[in-house]
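So you can see what is in the structure, the chains are spelled out below.
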Amino acid sequence: MKNLKLSSELSSNLRLQSENEVIRCTAFDIERNRFFFASSANSIYTVHLSSSQNEESLSSANLVEAVDLDAGDSITSMEYLMEKESLIIGTSSGDLLLYNVDDRALEDVGRVEGGVKSISPSPDGDLLCIIPGICQMLVMTHDWDLLYETPLEDHIDDADLSDQCLHSDCTPGSPATWRGDGKFFAIISSISKSLHKKLKIWERDTGNLHSVSEPKAFMGEIVEWMPSGAKIAAVCDKKITFFEKNGLERSSFTVTEGIDATIENLKWNCNSDLLAAIVRTKTCDSIKIWFFSNNHWYLKQEIRYLKEEEVRFMWDPVKPLNLISWTLEGLIKVYNFIWISSVTDNSVALVVDGSKILVTPLSLALIPPPMYLFQLQFPCSVRETAFWSKNSKNILAASLTDGSLSVVELPGLDTWQDLEGEVFRIELCITDDLNSFLHLTWLDSHVLLGVILEPLDNKEFSKYYIQELELICSEDHIPGSVTGSGFDAKIVNKLPMESLVTGLVSNPIKKQSAFVQLNGGNIFEYETGFSLHERSNLRFSSFCPWMSVGYVEDFGLPNSDPILMFGLDNNGKLHVNENVLCNNCSSFSLYSNSTNQTITHLILATKQDLLYAVEIRDIVLGQMEVKYGNFVPVVITRKNAEEGKKFIQIWEKGSKILGVVHGDESAVIIQTTRGNLESIYPRKLVLESIVNALVQGRFRDSLLMVRRHRIDFNIIADHRGWQDFLNVATEFVKQVDNLSYITEFVCSLKNENVMETLYKSYISYTHEEKGKELKDSMVVGGRSKVNSVLLAVRKALEEQIAESPARELCILTTLARSDPPYLEEALVRVKVIREMELSDCSNPERKLVPSSEESLKHLLWLSESEAVFEAALGLYDLNLAAIVALNSQQDPKEFLPFLQELEVLPILIMRYKIDLKLRRYEKALQHIVAAGDTYFEDCVNLIKNNPQLFSIALELITDPTKKKQVFEAWGDHLSNIKCFEDAATTYLCCNNLEKALKSYRSSNNWGGVLTVAGLMKLSKEEIMQMAHELCEELQTIGKPSEAAKIAFDYCKDIKNGINLLISAREWEEALRIGLMHGNEDLISDVKTGAVECGASLIVEYEEGLEKIGKYLARYLAVRQRRLLLAAKLQAGERSINELDDDAVSEASSSFSGMSAYTTGTRKGSAASMSSSGTSKRGIRRQKKKGKIRAGSPDEEMALVEHMKGMCLTDGARRELKSLLGCLVMIGKEDTARKLQRVAENFQLSQISAVKLAEDAILRISFGGPRFLLLLRR
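Criteria and cut-off values
Residues numbered from 1 in each chain as written. Predicted model: local features only at pLDDT ≥ 70, side-chain atom pairs only at ≥ 80, totals over all residues. Heavy atoms only, no water. Helix = DSSP H or I, 4+ residues; strand = E, 2+ residues; numbered from the N terminus. Contact = heavy atoms within 4.5 Å. Areas by Shrake-Rupley, 256 points an atom, 1.4 Å probe, with all protein chains shown as cover. pLDDT = per-residue confidence, 0-100. Pairing = 2+ DSSP bridges. Axes fitted to C-alpha atoms, helices over the stretch in contact; angles between N-to-C directions. Parallel < 35°, antiparallel > 145°, perpendicular 65-115°, else oblique. Left-handed = near helix turned anticlockwise from the far one by under 90°. Nonpolar A, V, L, I, M, F, W, Y, C, P; charged D, E, K, R; others polar. Patch = residues over 30% accessible without salt bridge, like charges linked within 9 Å, V, L, I, M, F, W, Y side chains within 5 Å. Salt bridge = Lys/Arg side-chain N within 4 Å of Asp/Glu carboxyl O. Lys, Arg positive; Asp, Glu negative; His and termini not counted. Charge placed at Lys NZ, Arg CZ, Asp CG, Glu CD. Buried < 20%, exposed > 50% of the residue type's maximum accessible area, 1.4 Å probe, protein only. 1 Å grid on protein atoms, 1.4 Å probe; cavity = no way out; pocket = protein on both sides within 12 Å on 5 of 7 lines; lining within 4 Å. Points joined across faces, edges and corners; volume = space filled by probe spheres on them. Core = buried A, V, L, I, M, F, W, Y, C linked by side-chain atoms within 4.5 Å. Phe/Tyr/Trp six-rings, centres within 6.5 Å; stacked < 30°, edge-to-face > 60°. Lys NZ or Arg CZ within 6 Å of the ring centre and 35° of its normal. Expected span 1.5 Å × (residues − 1). Polar contact = N/O pair within 3.5 Å; in protein donor to acceptor, adjacent residues only side chain to side chain.

1. Thoughts on the overall build of the protein
- Helices and strands together make up the secondary structure of the protein, namely 34 helices and 57 strands.
- Contacts in the protein between residues far apart in sequence, at least 24 positions, make up 53% of those at least 6 positions apart.
- Counting only carbon and sulfur atoms, one obtains 49% of the accessible surface of the protein, whose full area is about 59,600 Å².

2. Here we look at the confidence of the model for the protein
- Residue-level pLDDT values for the protein average 84, and 89% of them are 70 or greater.
- Highest mean pLDDT in the protein belongs to helix α5 (residues 699–708) (95); lowest belongs to helix α34 (residues 1265–1272) (37).
- Within the model, pLDDT remains below 50 along residues 164–168, and this stretch shows seven contacts once partners closer than five positions in the same chain are excluded.
- Under a pLDDT of 50 for its full length, residues 1261–1273 has, in the predicted model, 28 contacts with residues more than four places off or in other chains.

3. Things to note about the sheet that holds strand β8 (residues 95–100)
- Across the sheet, which stays open at both edges, the four strands sit in the order β6-β7-β8-β9 with antiparallel pairing between neighbours. Looking along the sheet, the strands with just one partner apiece sit at the ends: β6 (75–81) and β9 (105–111). The average undirected angle you get between the axes of adjacent strands in this sheet is 25°.
- In this structure, β6 lies alongside strand β7 (residues 86–91), joined through six bridges in antiparallel fashion. Across the sheet, the residue bridging to Glu79 is Ile88, located in β7.

4. Section: the packing of helix α12 (residues 823–839) against helix α13 (residues 852–862)
- Taken N-terminus to C-terminus, the directions of α12 and α13 make an angle of 165°; their axes are 9 Å apart at the nearest point. Of the possible angle classes, the one that applies to α12 and α13 is roughly antiparallel. Pair α12 / α13 crosses with left-handed handedness. From α12, Leu823, Ala826, Leu827, Val830, Ile833, Arg834 and Glu837 reach across to α13, where they touch Ser852, Ser855, Leu856 and Leu859.
- In terms of residue class, the contact of α12 with α13 is built from seven nonpolar, two polar and two charged.

5. Things to note about a negative patch on the surface
- On the surface, Glu866, Glu870, Asp891 and Glu894 cluster together into a patch of negative charge.
- Checked against the element boundaries, Glu894 lands in helix α16 (residues 892–903).
- Overall, Glu894 belongs to the exposed group, its relative accessible area being 59%.

6. A short note on a nonpolar patch on the surface
- On the surface, Ile30, Met82 and Val318 cluster together into a nonpolar patch covering about 240 Å² of accessible area.
- Here Met82 is to be found in the loop between β6 and β7.
- A relative accessible area of 34% means that Met82 is categorised as partly exposed.

7. As for empty space enclosed by the protein
- With the rule as written, the count across this model stands at five cavities of 30 Å³ or more.
- Volume-wise, the second largest cavity comes out at about 60 Å³.
- What lines the second largest cavity is Met1, Lys2, Phe291, Ser293, Tyr298, Lys300, Val351, Pro369 and Gln671.
- Of all elements in the fold, only β24 (284–293) and β25 (296–306) reach the threshold of two or more residues within the lining of the second largest cavity.

8. Considerations on the nonpolar core
- Core analysis: the largest hydrophobic core is formed by 60 residues, its most contacted members being Ile1046, Ile1058, Tyr1101, Met1203, Leu1219 and Leu1235.
- Sorting elements by how many residues they give to this core places helix α29 (residues 1080–1131) first, with twelve residues.
- Every residue in contact with Ile1058, bar those within four places of it in the chain, is listed here: Phe1048, Ala1070, Ile1073, Gly1074, Leu1082 and Val1086.
- Met705, Phe732, Ile742 and Cys810 belong to the second-largest nonpolar core, a separate cluster that totals 42 residues.

9. Looking at the packing of aromatic side chains
- Counted by the stated rule, this structure contains 28 aromatic pairs.
- Ring centres of Phe253 and Trp297 lie 5.2 Å apart, and the angle between their planes is 25°; this geometry places the pair in the stacked category. Placement of Phe253 in strand β21 (residues 249–254) and of Trp297 in strand β25 is noted, with a sequence separation of 44 residues between them. The pair formed by Phe253 and Trp297 is uniform in burial state, with each residue classed as buried.
- Ring centres 5.4 Å apart and planes at 85° place the aromatic pair Phe374 and Trp416 in the edge-to-face group. Taken as a pair, Phe374 in strand β31 (residues 374–377) and Trp416 in the loop between β34 (405–410) and β35 (423–425) lie far apart in primary sequence, 42 residues in all.
- We classify Phe374 as buried; its relative accessible area is 0%.
- Here Trp416 falls in the buried class, since its relative accessible area comes to 0%.
- Members of the aromatic cluster, connected to one another through ring pairs, are Phe242, Phe253, Trp268, Trp290, Phe292 and Trp297.
- The positively charged end of Lys231 is found above the aromatic ring belonging to Phe242, 5.2 Å away from the centroid.
- The cationic tip of Lys917 hangs over the ring face of Phe898; the distance from NZ or CZ to the ring centre is 5.2 Å.

10. As for the environment of Pro175
- Topologically, Pro175 is positioned in the loop between α1 (158–167) and β14 (177–178).
- Here the alpha-carbon distance between Pro175 and Glu224, two residues 49 residues apart in the chain, equals 9.3 Å.
- Those residues within four positions of Pro175 in sequence are excluded, and the remaining contacts are Ser118, Ile119, Ser120 and Val223.

11. Structural notes on the pattern of salt bridges
- Scanning the model with the defined rule gives 48 salt bridges in all.
- Note that Arg829 and Glu808 form a salt bridge whose closest N and O atoms lie 2.9 Å from each other. Of this pair, Arg829 sits in helix α12 while Glu808 sits in helix α11 (residues 805–816), placing them 21 residues apart in sequence.
- Looking at Arg829, the relative accessible area reads 23%, which means it is partly exposed.

12. Concerning helix α32 (residues 1210–1225)
- With 16 residues, α32 extends 23 Å from end C-alpha to end C-alpha; this agrees with the ideal 22 Å at 1.5 Å per step.
- Positive phi appears at Gly1227, one or two residues downstream of α32, with a value of about 85°.

13. A word on the packing of helix α22 (residues 980–989) against helix α23 (residues 993–1002)
- Contact geometry of α22 with α23 gives a least axis separation of 8 Å together with a crossing angle of 165°. The pairing of α22 with α23 is recorded here as roughly antiparallel in orientation. For the crossing formed where α22 meets α23, the hand is left-handed. Of α23, the residues touching α22 (which contributes Phe980, Glu981, Ala983, Ala984, Thr985, Tyr987 and Leu988) are Leu993, Lys995, Ala996, Ser999, Tyr1000 and Ser1002.
- A breakdown of the residues in the contact of α22 with α23 according to their chemical character gives eight nonpolar, three polar and two charged.

14. Considerations on α11
- Under the 1.5 Å per step criterion, the end-to-end length of α11 is 17 Å for twelve residues, consistent within 8% with the ideal 16 Å.
- In terms of burial, α11 is a largely internal element, ten of the twelve residues being buried.
- Among the structural elements, α8 (739–748), α10 (785–800), α12 and α13 are those in contact with the buried residues of α11.

15. Side note on the side chain of His575
- Looking at the secondary structure, you find His575 in strand β47 (residues 574–576).
- Separated by 3.1 Å, the side chains of His575 and Ser541 make a polar contact.
- In this structure the side chain of His575 is engaged in a polar contact, spanning 3.3 Å, whose partner is the side chain of Ser542.
- Residues in contact with His575, not counting those within four places in the same chain, are Phe540, Ser541, Ser542, Cys544, Met565, Phe566, Gly567, Asp569 and Val580.

So this is what it looks like as structure tokens:
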């Protein structure tokens, strides 16, 4: 579905020397792009063709030299030999001449009897096939060595051959045609005494005849072998017929002209996809160009000439879409064609096939060519079209090859299905004299703007004009019909152009305005009644044959242009205004899903067959390089799996984008090289369309798109947060109005935000949000997303949908799909239906609900059968449970005995048993308590097996005796799990003092033990003995301070109490007790212990101060080493991944402070005791986490942690304060002063070292991730 558009036309005139001189034959120099013409006056002319496609004119012709021939002799054929850089010329007398163009030297290389009709060099230039005028064929090398000579006609003798030599009048004839690889060549030869001819295929190497066709009524000797070698084209029986290499006819098509039409000069282009021929009629000559696709030959272009001009043509040997024509009088024209999509902006395909336009609305149906919906028949071949579609008004204008114009008004697209198979004949417009348009577009529904090319007076050059036409229809358009007559066209403006016009497109935001592309990519704006003015902000950096314009949003950018101009040049560069967006683009289209028709996406295909859907937002905001990286293909791995979501791999190489279907369809139409049409639905476009429909409140449309494209249904609830969906659930159910669709939606819900997980790479939140926190939360107000949405849908179903069996099943679905499933509530509804069935069969409400069996089977289909069975048991309905078990195909041997056993039990015990099976222990407790005193033992066992029931049981049981049993059982449970404090309290509640005393003693709560002992009214001796035992136990477990209190209060042992205070390092309290009792020995012990402890702490603080210095020095050395390594890596541009951890460990191996990683060797003072004092030393040591290896990756961080761990704890500070006070009281001020100074120095050094290390880490972190990574390594 593509049309061949004439992009530009260049002309030149040879200026022949004499009046009656005409062009006879031509040759082409591929290397230097030169065209040689030989005239009837035996003169050779040269024309240099342009190397680029946007030159404005051809070079002027140069007369090389007149070839000196004998009188009456003339040039009949001519070819260019690249190996010799010369022209090989054949004359009517049989001379073969070699003419060097540059040196102007003429060499006679031989003579052929009967004259030379044609010369045909092989594709590689090594051989020449020469056909004389005596039905012979000569094949020789370019060094003039004859390989073989063969007669063309069968059974011809020498007498006939000599007779032909005497009577032949040699004129230029059709040359032999070579296959693209040069291994075969073909010729049409006559049959003696017959009007029929044969196609003969010869082998190059041997000269043997390879194959011969059946005798056919060939028209002349025209034959052309496709360069790819697949077909041989010839003219036979007024048809163009195709043969295979074996001479068999493959196919043919008829040239639809009059009986008098003749076909001449068949030519394939170098790509083998276009076939051109000259068709001569009584009125005019024309060059027709056909294209083959899907087993159909389309007439894509026709160029008409006057009969007397006797036009000839050839394809450019290297440019497949350049055609060169010339007339006998020397008028040369070069036509530059381009392929354009036949699909318009509103997805209507207008395929040109000669005088027919095949119309297919792709938005209604994807009809593969050559089929179509309906056909428009014009008076002659169509050259250029323009389509207008707005507000249900569709108008098509067609410029025809004879210069006339036709206009047809079509009905609205929604009525086109009624036109299927129709053929509508379109009349010409009544207008002034017009030329065929090169470019054509609509400015309004009644105004056309086109570009024409008119020759100047000397006919050597032509000039471009922009021409504006106003259309008036004298007939009223009947709605739903096709109007193809009654249009009048009037020229209202004609503007000459000084440069080549290469493109024309209407302005989407301004009426009666269009953009014109001139040579070089400059963009000008045309407005009715105004002159052209340049739009420099929209210009392309090079000539772009394919251009399109889009109206876009400003996306919040101030002073932004609402117009984006897209252009694709011949090198695959996609231009957007002044910038190049992609360097390897093969085709593109613009897509819109906006209600105001603004373009939202650019769809482009790359030469690597990757399809991208690019958001216009990214283009306007300049985010293309970050997201797409110039569209270079990458290898998709697990690490970059997200990159694979940015494009779609087109499965067939060389496919092109034809167009898009806008809006909800979200389709991209591509055509493969075979001609087939395919639809691609990019996930990004589909999701955008769904979200747009949801934002606009079109829930049914969005649901249909979700089903059609297999999108996760959760997008309906998640697109703006499921909390918002709760407010519109009623409208959702009302619009969808299809319980099957709603059931699909309900069954797909899950506690996940698919916009942040599954579709995060495809679409972003571009619409109003309530907040990121609320959107991501799956639980609000104690309800999850699934339960909240299902509840809202369930309420909406009950309110909006009439009661019916399908509605009831849908409601059951919402209950079963809840998380967790509300199976009991669902079974209650089933139970109501079952009771309705059993009670009254004539109830009219019975018809509004499904049967209980159907409902139950539906529930079992949605849920696990075991869960439904347990839910039925939970309702204590044994009959319903039996029905569930039977419908779930359970074995009756498994469930029937259990149900029978339950059936004979008392109601409360039955419920108790069911609750135990279902692990509903709280309900089981309620039922067993209500069953009475007989089952109290079972009640206690239930509580013991489920300790969480103790508090509930105490609320349910009112009998004091039974309450005490429960309390005692609870206390036993707490003792077993070693919660002795709670157990003692529980025992006290039931007045069990012995167990309470035992629990307090187990928990080392000496106060509780002695209190309970007092409550038990034990004797003084027993309490004294118990106090001594508690004192020893507390001293053993490291609580000397508490043991001292018992010694003072209960044991009256002052000496032991003071020793315990010294062990606890409570120096001031020990001194106070000693002085209170006036015991000098005890006071002396306190003084001695305080002095020794102070001396020990001074040594420990000094050692700690030394270690702090070593840790800090080591840290600074390692840090400096790593910074130097990082700097070297940056300077040498080495990857940080190449850094070996062991290489870093070379730092200062001879550092003297390596012993800082070992503990001190000095022993503590004897006065420190061996009890709890060791756990409260002045310096808190960090727990050992493994040995630190010098140079290890975590060495710096470990050093910092060690220094942090050496800080003074709160206990150490209290101990130090008490010791300093005691030393001052006993007159040891010097020791106290020294201890205070050493401790203060240690504390300040530790704090400073840690701060210095942390500041260094912070600076490295702010220095960049590279330094931070080095630090971690």
